[in-house]
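Structure assessment
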Amino acid sequence: MPDQQRIENDPDHSDSIILEPMNLCDVSRHRNISRERIIFSSDGAESPTGLPPANPHLFFSAAMGPKKEKDPAEQRRLKTVRTWRRAIMKARCKGDPWEKFHLDAYSTEKARRYRYNALRKTWVIDDCLVKMEPEPFNHGAMRECFRMKKLSNFTHNDDWKKDSNNYVAKRYMEHVDRDVYFTDVQLQMDAKLWGEEFNRHNPPKKVDIFQMAILEFPGRKDSPLFHCEHFIEGEYVKYNSNSGYVKEDKDHLRLTPHAFSHFTFERSGHELIIVDVQGVGDLYTDPQIHTASGEEYGEGNLGAKGMALFFHTHVCNRICKSLGLSRFDLAPSEYNEKTMKVLKDSQERCKTMLRGSEEMCVLPSRTEKYRLLHHRMPRTMSEPFTRPRTISESSSNFNSLTPPESPTRCISSEDVEEFLHSTHNQVTFTVSCSDSDYDSVSASDTERSLVRNRRRRLESESGSVIDDDEKMDFHIQLARKSKPSCIQPPNPDELEVPMKDSVLGLVHLELCRYHELCRFTNPDSPSYDHDAALFHLEYAARCGIQEARFAYARILLGLQHDILPDLEIEHTTENEDKGFSMLLETASSGDVECMVLVAKAFDTGILLGSRPVDWCQAEYWYERSADEGGTDSDPPYQLSARLAEMLCIGGPGLNKDPSRAGELYTEAADAAMAAMKGRLANKWYQLAEEAWAQCEEEEEE
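Residues numbered from 1 in each chain as written. Predicted model: local features only at pLDDT ≥ 70, side-chain atom pairs only at ≥ 80, totals over all residues. Heavy atoms only, no water.

What about the overall build of the protein?
Heads up, the condition is: Going along the chain from the N terminus, every DSSP run of H or I of four or more residues is numbered as a helix, and every run of E of two or more is numbered as a strand. Working definition: with a 1.4 Å probe on protein chains only, accessible area under 20% of the residue-type maximum means buried, over 50% means exposed, and in between means partly exposed. Residue contacts are counted whenever heavy atoms from the two residues lie within 4.5 Å of one another. Working definition of accessibility: Shrake-Rupley area with a 1.4 Å probe, residue cover restricted to the visible protein chains.
Counting its regular elements, the protein contains 22 helices and 19 strands. Scored against the burial criterion, the 701 residues of the protein give a buried share of 45%. Within the protein, contacts between residues separated by at least 24 positions form 64% of all contacts whose residues are at least 6 apart in sequence. Within the structure as shown, the protein displays about 38100 Å² of accessible surface, and the carbon and sulfur contribution to it stands at 51%.

Describing the environment of Ser502
Mapped onto the fold, Ser502 is located in the loop between helix H13 (468–481) and helix H14 (503–516). A sequence separation of 232 residues divides Ser502 from His270, and the C-alpha atoms of the two residues are 8.5 Å apart. Those residues in contact with Ser502, other than ones at most four positions away along the chain, are Cys543 and Ile545.

Structural notes on the side chain of Asn575
Convention followed: As used in this structure description, the phrase polar contact means that two N or O atoms lie within 3.5 Å; if the pair is within protein, one of them must be able to donate a hydrogen and the other to accept it, and residues adjacent in sequence are counted only when both atoms belong to side chains.
Here Asn575 is to be found in helix H17 (residues 573–588). There is a polar contact of 2.7 Å between the side chain of Asn575 and the backbone oxygen of Glu570. Sequence-distant contacts of Asn575, that is, excluding residues within four places in its chain, are made with Leu556, Ile569 and Glu570.

So, the pattern of salt bridges
Here is the rule we go by: Salt bridges are counted wherever a side-chain nitrogen of Lys or Arg sits within 4 Å of a carboxyl oxygen of Asp or Glu.
Within the structure shown, the criterion is met by 28 salt bridges. The residue Asp96 makes a salt bridge to Lys149 at a minimum N-O spacing of 3.0 Å. Of this pair, Asp96 sits in the loop between helix H4 (72–94) and strand E3 (109–117) while Lys149 sits in strand E6 (residues 143–150), placing them 53 residues apart in sequence. One exposure class covers both Asp96 and Lys149, and it is buried. Between Asp276 and Lys238 there is a salt bridge whose closest N-O contact spans 2.4 Å. Taken together, the residues Asp276 in the loop between strand E12 (272–275) and strand E13 (278–280) and Lys238 in strand E11 (residues 236–238) connect sequence positions 38 residues apart.

A closer look at the packing of helix H19 (residues 615–627) against helix H20 (residues 636–649)
What counts is decided by this rule: In this analysis an axis means a line fitted to C-alpha atoms, helices contributing only their contacting stretch, and an angle means the value between N-to-C directions, from 0 to 180 degrees. The labels follow the angle: roughly parallel below 35 degrees, roughly antiparallel above 145, roughly perpendicular from 65 to 115, and oblique for the rest. Working rule for handedness: look at the near helix, and if it is turned counterclockwise from the far one by less than a right angle, call the crossing left-handed; if clockwise, right-handed. Here the nonpolar group is Ala, Val, Leu, Ile, Met, Phe, Trp, Tyr, Cys and Pro; Asp, Glu, Lys and Arg are the charged ones; every other residue, Gly included, is treated as polar.
Interaxial distance between H19 and H20 falls to 9 Å at its minimum, and their mutual angle equals 155°. Classified by the angle between their axes, H19 and H20 sit roughly antiparallel to one another. Between H19 and H20 the crossing geometry is left-handed. Every residue of H20 that contacts H19 at Trp615, Ala618, Glu619, Tyr622, Glu623, Ser625 and Ala626 is listed here: Pro636, Leu639, Ser640, Arg642, Leu643, Met646 and Ile649. Taken together, the residues of the contact of H19 with H20 sort by class into nine nonpolar, two polar and three charged.

A short note on a positive patch on the surface
Short version of the rule: Think of a patch as exposed residues, more than 30% relative accessible area, with no salt bridge, where like charges cluster within 9 Å and nonpolar side chains (Val, Leu, Ile, Met, Phe, Trp, Tyr) cluster within 5 Å. Counting rule applied: Lys, Arg positive; Asp, Glu negative; His and chain ends not counted. Charge coordinates come from a single atom per side chain, which is NZ of Lys, CZ of Arg, CG of Asp or CD of Glu.
On the surface, Lys79, Arg82, Arg86 and Lys90 cluster together into a positively charged patch. Using a relative accessible area of 49% as the deciding quantity, one classes Arg86 as partly exposed.

Let's talk about the nonpolar core
A general tendency of soluble globular proteins is for nonpolar side chains to be buried together. Threshold: Among buried residues, those of type Ala, Val, Leu, Ile, Met, Phe, Trp, Tyr and Cys that are joined through side-chain atoms within 4.5 Å constitute a nonpolar core.
Counting 58 residues, the largest nonpolar core has Leu537, Leu564, Leu583 and Trp684 as its most contacted members. Those residues within four positions of Leu564 in sequence are excluded, and the remaining contacts are Cys512, Glu516, Tyr528, Ala533, Leu534 and Leu537. Counting residues in hydrophobic clusters, the runner-up holds 25 residues, among them Trp194, Phe260, Leu272 and Ile289.

So, the confidence of the model for the protein
Defined as follows: Confidence scores here are pLDDT values: one per residue, from the predictor, ranging 0 to 100.
Chain-level statistics for the protein give a pLDDT mean of 77 and a share of 67% at 70 or above. Ignoring residues within four places in sequence, the model shows residues 54–60, a span with pLDDT below 50, making ten contacts including any to other chains. When the criterion is pLDDT under 50, residues 367–465 qualifies, and its contacts beyond four places in sequence or with other chains add up to 228 contacts.

Some points on helix H18 (residues 592–604)
Quick reminder of the rule: The span you would expect from a helix comes to 1.5 Å times its residue count less one.
With 13 residues, H18 should reach 18 Å at 1.5 Å per residue; the first-to-last C-alpha distance of 18 Å fits that figure. Burial runs high along H18: ten of the 13 residues are buried. Those residues of H18 lying buried are Val592, Cys594, Met595, Val596, Leu597, Val598, Ala599, Ala601, Phe602 and Asp603. Considering only its buried residues, H18 is in contact with helix H16 (546–557), H17, H19 and H20. Between the side-chain oxygen at the start of H18 and the backbone nitrogen of Glu593 there is a gap of 3.2 Å, and the oxygen is on Asp591. In the stretch just after H18, Gly605 is the one whose phi turns positive, near 85°.

Focus on the packing of aromatic side chains
The condition is simple: For Phe, Tyr and Trp, where Trp contributes only its six-membered ring, two rings pair if their centres lie within 6.5 Å, and the inter-plane angle classes them as stacked under 30 degrees, edge-to-face over 60, or tilted in between. Either the NZ atom of lysine or the CZ atom of arginine qualifies as a charge over a ring when it sits within 6 Å of the ring centre and within 35 degrees of the ring normal.
For the structure shown, the criterion picks out 20 aromatic pairs. Aromatic pair Tyr514 and Phe520: ring centres 5.9 Å apart, planes at 55°, arrangement tilted. Tyr514 sits in the buried class, given a relative accessible area of 12%. Given the relative accessible area of 23%, Phe520 is considered partly exposed. Taken together, the aromatic side chains of Phe198, Tyr239, Phe260, Phe263 and Tyr284 make up a single cluster linked through ring pairs. Between Arg220 and the ring centre of Phe217, over which it is positioned, the NZ or CZ distance is 4.4 Å. Between the NZ or CZ atom of Arg642 and the centre of the ring of Trp615, over which it lies, the distance is 5.7 Å.

Here's what the structure looks like:
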């Protein structure tokens, strides 16, 4: 009873009590305690529970055994601590997998390490001690691998046998330029930055990219370069490639790698896509980035062609849907029932489950995108927006190994010393050879105080200290640039935005060409999928690709065309109307050949479909195409002469004007004479005189 009164009188304690009905477990537990207390009390020994002897015939209360509610945050923290403790114990018990190779017996070498910061686009240099096997233990198609141990500059540990010091050094088997090594590191670290952005959306499984650096060995002949990565035990799997390959066997079927590739395409605004995802679990290495221009990241960058190959084999899975990624537009024939059933059954076998807490990619409206076009960022949009000056911007006596496209230069310890004496302490800086510090300086006392007061966070994944503001600016810019992977229907409530060539349209155009080349055709099939090829050509035209617009319009109008030359469709008024509308849009965007076709259509009535002949429109397009220089088959003087002929006689919507016709004939004759077309020039001079004569007759009347 006293305990009950204490509980009732303590409001803080009573609020944390949970009253539960008594069950059989409570009865059993109480009986065991009571029996134990009776046995020890009869022997005269102290009870191990520390409880006084009690009567075994006790009755039970609903308040027996009150339980306190635990804080969810504290529970999560404790769970995390227990998980890390188990992981550490497993790592300690496992030992060094490379112990049998006795790498610690090899001679110690001093190497210079180059690390790349993808967010700031800067290189950091320090020295490290390594031991490397003289012979490679494995090789791929282009590089060979060496076992290596490296002492950590952060912990200053001298134990060469620790598992954490195991690295893999890679070098090209054939001679390549030294810039290729730096380009590879830039590619992988840019991909790592995109992995962090993917994780920010809380997918079911987080991903990471290997931290890669470059090691230079000055003590060896020609100072060779090696790529350096941590050694990770496990089964190495290639989930997809840069040419559309997808790993689909039941033992290695995954959802996260393909969703990550799809995510990078949308989140970057179609400017890039990360493919060739491979590694151990969700720890990836050696990826490839396809960019819209196709000019960066080495020969593996296939540009829009690589993007097209990825989306032809990609089927959105539940992770894509949970992140709000849109499905890429494919033709109905490409989504046949058999293929879809196989893919659906394969995805159902995957064990990755959604938690319901994934953050969707919210896309800005077309109007917002149009207003934010000036915020475009170079290459991977990882250009910093505000950052303090770095020593790399001031040092001028270092022979940089950075690729030409890198905006900054490398620094070394010697540069720092020279910089210190040359500036006479006009700036402050910090230098560190640790694995996780980044060298930076500020240009004035004011900037020094700002840098000192700004909160800084250690990013072990990227090997640098990054300001939160800098990181947030990067995320905001990515959110502004996000675009869906499909063609969205126009929203009448939004402002009309001028349509220009789009990467999405180029991807559809490349898919059309791949179909034409029978890339996706079975060997037994007599021809390619015409419906799918026409589908992608139409979507490329809808995206504003001029080449696709012109080709699709000519197909609808029944004219000769270069793309899909063997494709013919039914000649109907509806197709003519649709084709001429597409032709008119292309002409309005500045295509001279389309201008000539539109002018001739309004002149003769051919290809107009249900539209009437309109010489006033013909006059406008003849003049505009002549001013643009015409075409090889229709030079400007030919167009001017036809317009002069129309003005001499008048027609639908165009009044007769012999005076202007005479001027146009004269201009056409002069241009023809300059083009060495004497016979045409004489003809048009004569017609010009006739036009002037008509003017005199009209004046006399």
